[in-house]
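Below are the chains, spelled out letter by letter.
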Amino acid sequence: MSGRLAAAVALLLVGTVADVWSTYLAISTGEFVEGSPVGRTFITWLGPLRGMLVTKALGMVVIGIPVAVAGGSRRLVATVMCAGVGAISLLAAGRNLLLVAGYLG
């Protein structure tokens, strides 16, 4: 595994854990509002954890398809998918923490 792909996978794992943890924290304080209509639908249907994981998988597909169509290698597609969803997950975790802290909403 290349260094960039390993870093992207690490970012994905850290982002996913941070997003799931901060979402449960926000839900427990009554401050959680899902920003994505797709995420909201999956969370409603499948529950918070499974809904978030399905949303992340769908996000990886949405991010990866244009890179693959543009001729990216499998390694590049995997790197961009993992890094993209990991970064978005970290942003979502930050948003959740700002909601809980009372800075948003």
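This text gives an overview of the structure that appears in the document.

### Some points on the nonpolar core
Then comes step 1: The biggest cluster of nonpolar side chains holds five residues, and these are Ala8, Leu12, Met60, Cys82 and Val85.
Then comes step 2: Of all the secondary structure elements, the ones that give two or more residues to this core are helix H1 (3-29) and helix H4 (74-101).
Then comes step 3: In this structure Cys82 touches Ala8, Val9, Leu12 and Met60, once residues within four positions along its chain are discounted.

### Some remarks on a nonpolar patch on the surface
Then comes step 1: Residues Val38, Leu58, Val61, Val62, Ile65 and Val69 make up a contiguous nonpolar surface patch of about 530 Å² in total accessible area.
Then comes step 2: In terms of residues, the nonpolar patch owes the most to one element, helix H3 (residues 48-69), which gives five residues.
Then comes step 3: For Ile65, a relative accessible area of 48% gives the class partly exposed.

### Some points on H3
Then comes step 1: Its 22 residues place the ends of H3 32 Å apart at the C-alpha level, agreeing with the 32 Å of an ideal helix rising 1.5 Å per residue.
Then comes step 2: All buried positions along H3 are accounted for by Gly51, Met52, Lys56, Met60, Gly64 and Val67.
Then comes step 3: In this fold, the buried residues of H3 make contact with H1, helix H2 (37-46) and H4.
Then comes step 4: Positive backbone phi, at 100°, marks Gly71, one or two positions downstream of H3.

Reading guide: rules and limits
- Residues numbered from 1 in each chain as written.
- Predicted model: local features only at pLDDT ≥ 70, side-chain atom pairs only at ≥ 80, totals over all residues.
- Heavy atoms only, no water.
- Core = buried A, V, L, I, M, F, W, Y, C linked by side-chain atoms within 4.5 Å.
- Buried < 20%, exposed > 50% of the residue type's maximum accessible area, 1.4 Å probe, protein only.
- Helix = DSSP H or I, 4+ residues; strand = E, 2+ residues; numbered from the N terminus.
- Contact = heavy atoms within 4.5 Å.
- Patch = residues over 30% accessible without salt bridge, like charges linked within 9 Å, V, L, I, M, F, W, Y side chains within 5 Å.
- Areas by Shrake-Rupley, 256 points an atom, 1.4 Å probe, with all protein chains shown as cover.
- Salt bridge = Lys/Arg side-chain N within 4 Å of Asp/Glu carboxyl O.
- Expected span 1.5 Å × (residues − 1).

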